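Listed below are the residues making up each chain.
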Amino acid sequence: MMRHPFYLLFGTAMTGWLAYTEWTGGGYAGVTRLNNVPRSVRDNPGAYRSHYSYIPRYMGGK
Amino acid sequence: MSAEPVKAKAIFCPNCGATVQLRGFAHTLNATCTRCLSVLDPNTPSVTLLQKVQIQMRIEPKIPMGNRGTFEGVEFEAIGFQERTIDVDGVAYSWQEYLLFHPYKGFRYLSEYNGHWNIIKPKNCVPALDAVGRSATIEGRKYKHFQRAGARTTYVIGEFPWQVRFGDVATVDDYTAPPYILSGERTTDEVNWSVGEYIDGKDVFKAFKLEGAPPAPQGVYANQPNPRTNSSLWRIFLIFFLIATFVSMYSCIAKGQREVFRKSYQFVPSSNAEPSFVTERFELAGWRNAATDVEIQADILNNWVAFSIALINEDTGEAFDFGKDLSYYAGVDEGESWSEGGMKATVTIPSVPPGRYYLRVEPDRDKQEGDTDATMSKTVNYEIIVRHDIPAPGFVFLVMFLLLIPPIWISIRKWMFEQKRWSESDYAPVSSGGDSDSDD
């Protein structure tokens, strides 16, 4: 087993990463994270502008 | 054990008169004159000339005759050298064999082909061959047949414990079980078996205290050990696989998956009112970050609607901004019912810190070509549900995939090495020529 120290290290890092990610609910998602959103949004939600890249499109069926 | 210092016996070549030293004592049946390469019988009182040869090009052995080298703690002396050649598809392949001698331990052979070295020990026992000659077993080790070829002696110097002549031919069967090789040499009246073990050329040079460096190995030799060992790598992968599975399953079981918010809303696309609004506050409890699901369900039969949503931390002002489109169309076409899209969608927001949150929601439905006023004025009922501390089972597959890459890569390399080895055998899928690629 010690013939593959780099793989042991890599595997330990990967499973450690998995455990940390599972523990903290980490992952990947199309979500934009923003800081310092003003408290005024509660009073004036229309003033807020979304920051994710969204292109409106027609989604009609056949 | 070291050989006792003994004096070598000397004879005179009857052909050219040169002095020929004998180091193999009574074992020596044939010797060659170092000057004229005549093969001599030193055991007759007058030294019989057995064979006179005309050699165009002399070969200088890498290990000079008389040099001593230690293998397995025994000091052997190089007393004979021969080059042997096989012809395959009109191409001559030659290798060199050194005869090593120790007065008490007997003989060993050292062979070299394209930088690949083997230390060979003669065997007195006969291996058990299978019915078709594809494998042989000796001393508990099973060997796979590699090659059969007619080997011709093309150069000889030194002395030998057998009758040796230029042009001697023997049928050689090689069986391999890396790093070992079993060879059977068949002549008209006998079969001699020997087992060789692959050794590094550097060890040979070191043992004989030779100057310079050994030639780099070319290609892959029949019994060259495969440098790629993947079995232990797969065992390590299995351990990590079990750990990752356990971590993922534990995470699934241990997560709270609490529903922290649920409320229904309505949206009329044609309305001129501001569509965006904020929800009431809700608590994402806990002391660590956790993934949060936002689920939207809408009654959008043959309709669509887009949502811009932000999950905003009231205390810190941190926001998680995302968009989600919902569309669902269904009907009956030529007697067959069909549907596409869905009335429900979920977005998972990773690593959300605990705190007080609210949602800023903005439904949207642009008027498109073909939309009627009735369509645009139709009320869309939808519900938003927020769940906190949810597991992310898909993440384990990414980790598994990354963990799989090294063992798969090494297995491919190992397979390629074996393909290269067997391409030189009698069992090559496609007949190959000389392989001059350097081994890595």
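Residues numbered from 1 in each chain as written. Chains lettered and ligands numbered in written order. Predicted model: local features only at pLDDT ≥ 70, side-chain atom pairs only at ≥ 80, totals over all residues. Heavy atoms only, no water.

Draft legend 1. The interface of chain B and chain A, seen in detail. Across the boundary between the two partners, chain B contributes 68 residues, which contact 48 residues of chain A. Interface area, chain B with chain A, both sides summed: about 5,100 Å², of which 61% is carbon and sulfur. If you look at where chain B meets chain A, you find 1 salt bridge. Taking the shortest distance from any N to any O, the salt bridge between Arg33 of chain A and Glu318 of chain B comes out at 2.8 Å. In this assembly, chain B and chain A are joined by 21 residue pairs in polar contact (both at pLDDT 80 or more). Each residue belonging to the side of chain B that touches chain A can be placed in one class, and the counts come to 38 nonpolar, 16 polar and 14 charged. Sheet topology places strand E1 (residues 32-34) of chain A next to strand E22 (residues 319-333) of chain B; 3 bridges connect them, and they run antiparallel. Within E22 of chain B, the position partnered with Thr32 of chain A by the bridge is Asp321 of chain B. (Contact = heavy atoms within 4.5 Å. Buried area = accessible area lost by both parts, 1.4 Å probe. Salt bridge = Lys/Arg side-chain N within 4 Å of Asp/Glu carboxyl O. Polar contact = N/O pair within 3.5 Å; in protein donor to acceptor, adjacent residues only side chain to side chain. Nonpolar A, V, L, I, M, F, W, Y, C, P; charged D, E, K, R; others polar. Pairing = 2+ DSSP bridges. Helix = DSSP H or I, 4+ residues; strand = E, 2+ residues; numbered from the N terminus.)

Draft legend 2. Seen up close, a nonpolar patch on the surface. The grouping of Trp17 and Tyr28 of chain A together with Leu398, Phe401 and Ile405 of chain B at the surface amounts to a nonpolar patch, some 510 Å² of accessible area in total. A per-element tally of the nonpolar patch places helix H4 (residues 395-422) of chain B first, with 3 residues. Within the secondary structure, Trp17 of chain A is located in helix H1 (residues 5-24). Assessed through its relative accessible area of 35%, Trp17 of chain A is described here as partly exposed. (Patch = residues over 30% accessible without salt bridge, like charges linked within 9 Å, V, L, I, M, F, W, Y side chains within 5 Å. Areas by Shrake-Rupley, 256 points an atom, 1.4 Å probe, with all protein chains shown as cover. Buried < 20%, exposed > 50% of the residue type's maximum accessible area, 1.4 Å probe, protein only.)

Draft legend 3. Summary view of the pairing of strand E25 (residues 355-364) of chain B. Residue and element names in this part refer to chain B. The element E25 is extensively covered by neighbouring structure, given that 7 of its 10 residues are classed as buried. Bridge analysis of strand E18 (residues 277-278) against E25 gives 2 bridges, and the strand direction is antiparallel. Counted as the bridge partner of Phe277 is Val361 from E25. One ladder, built from 8 bridges, connects strand E21 (residues 303-313) with E25; its direction is antiparallel. Note on E25: the bridge partner recorded for Phe307 is Pro363.

Draft legend 4. A look at the packing of aromatic side chains. Residues and elements named next belong to chain B. In total, this model carries 22 aromatic pairs over all chains according to the counting rule given. Taking the centre distance of 6.1 Å and the plane angle of 20° together, the rings of Tyr98 and Trp117 count as stacked. Residue Tyr98 is found in strand E8 (residues 91-102), and its partner Trp117 is found in strand E10 (residues 116-123); the two are separated by 19 residues along the sequence. Residues Tyr98 and Trp117 agree in their burial class; the two are buried. Pairing Phe246 with Tyr250 gives two aromatic rings, centres 6.2 Å apart and planes at 25°, and the pair type is stacked. Linking Phe246 with Tyr250, this pair stays in helix H2 (residues 231-254), spanning 4 residues, or about one helical turn. (Phe/Tyr/Trp six-rings, centres within 6.5 Å; stacked < 30°, edge-to-face > 60°.)

Draft legend 5. Quick peek at the side chain of Glu83 of chain B. All names here are of chain B. The topology assignment puts Glu83 in strand E7 (residues 74-88). As a buried residue without a salt bridge, Glu83 has its nearest oppositely charged side chain in Arg152, at a separation of 7.9 Å. Here Glu83 is in contact with Ile59, Ser94, Trp95, Gln96, Arg152, Thr153, Thr154 and Tyr155, once residues within four sequence places are set aside. (Lys, Arg positive; Asp, Glu negative; His and termini not counted.)

Draft legend 6. Highlighting the sheet that holds strand E20 (residues 290-298) of chain B. All names here are of chain B. Here 4 strands make up an open sheet; going across it, the order is E17-E26-E20-E24 and the pairing antiparallel. Edge positions in the open sheet fall to strand E17 (258-267) and strand E24 (344-352), since each of these has one partner strand only. On average, each strand axis in the sheet is inclined to that of its neighbour by 15°, with strand direction left out of account. Here E17 runs beside strand E26 (residues 380-388); their pairing, made up of 9 bridges, is antiparallel. Paired with Gln266 across the strands is Asn381, a residue of E26. (Axes fitted to C-alpha atoms, helices over the stretch in contact; angles between N-to-C directions.)

Draft legend 7. Focus on H1 of chain A. Relative to the 28 Å expected for 20 residues at 1.5 Å per residue, H1 of chain A spans 28 Å between its end C-alpha atoms, a close match to the ideal helical length. Taken residue by residue, H1 of chain A has Tyr7, Leu8, Gly11, Met14, Thr15, Leu18, Thr21, Glu22 and Thr24 of chain A as its buried positions. Looking at the buried positions of H1 of chain A, the neighbouring elements they touch are H2, E20, E24 and H4 of chain B. In the segment just after H1 of chain A, Gly25 of chain A is the residue with positive phi, at about 70°. (Expected span 1.5 Å × (residues − 1).)

Draft legend 8. Structural context of the nonpolar core. Residues and elements named next belong to chain B. Ranked by internal contacts, the top residues of the largest apolar core, which has 31 residues, are Ile63, Phe71, Leu100, Leu110, Trp117 and Phe208. Looking at this core, the elements that each hand over two or more residues are E7, E8, strand E9 (106-113), E10, strand E13 (141-160) and helix H1 (201-207). Looking at this core, the element that brings in the most residues is E7, giving 5 residues. The contact partners of Leu100, leaving out residues within four places of it in the chain, are Phe71, Phe76, Glu77, Ala78, Gly106, Phe107, Arg108, Leu110, Ile119 and Phe208. (Core = buried A, V, L, I, M, F, W, Y, C linked by side-chain atoms within 4.5 Å.)

Draft legend 9. The environment of Thr21 of chain A, seen in detail. Of note, Thr21 of chain A is situated in helix H1. Relative accessible area serves as the criterion here: at 7%, Thr21 of chain A is assigned to the buried category. Once residues within four sequence positions are removed from consideration, Thr21 of chain A is found in contact with Gly26 and Gly27 of chain A together with Phe395 of chain B. Within the local environment of Thr21 of chain A, its side chain forms a polar contact with the backbone oxygen of Trp17 of chain A, the two atoms lying 2.6 Å apart.

Draft legend 10. The layout of surface pockets, seen in detail. Residue and element names in this part refer to chain B. Here the second largest pocket is characterised by a volume of approximately 250 Å³. What lines the second largest pocket is a set of 15 residues, and nearest its centre among them are Glu72, Ile119, Lys121, Val195 and Glu197. Secondary-structure elements contributing two or more residues to the lining of the second largest pocket are E10 and strand E16 (191-199). Counted by class, the lining of the second largest pocket contains 7 nonpolar, 1 polar and 7 charged residues. (1 Å grid on protein atoms, 1.4 Å probe; cavity = no way out; pocket = protein on both sides within 12 Å on 5 of 7 lines; lining within 4 Å. Points joined across faces, edges and corners; volume = space filled by probe spheres on them.)

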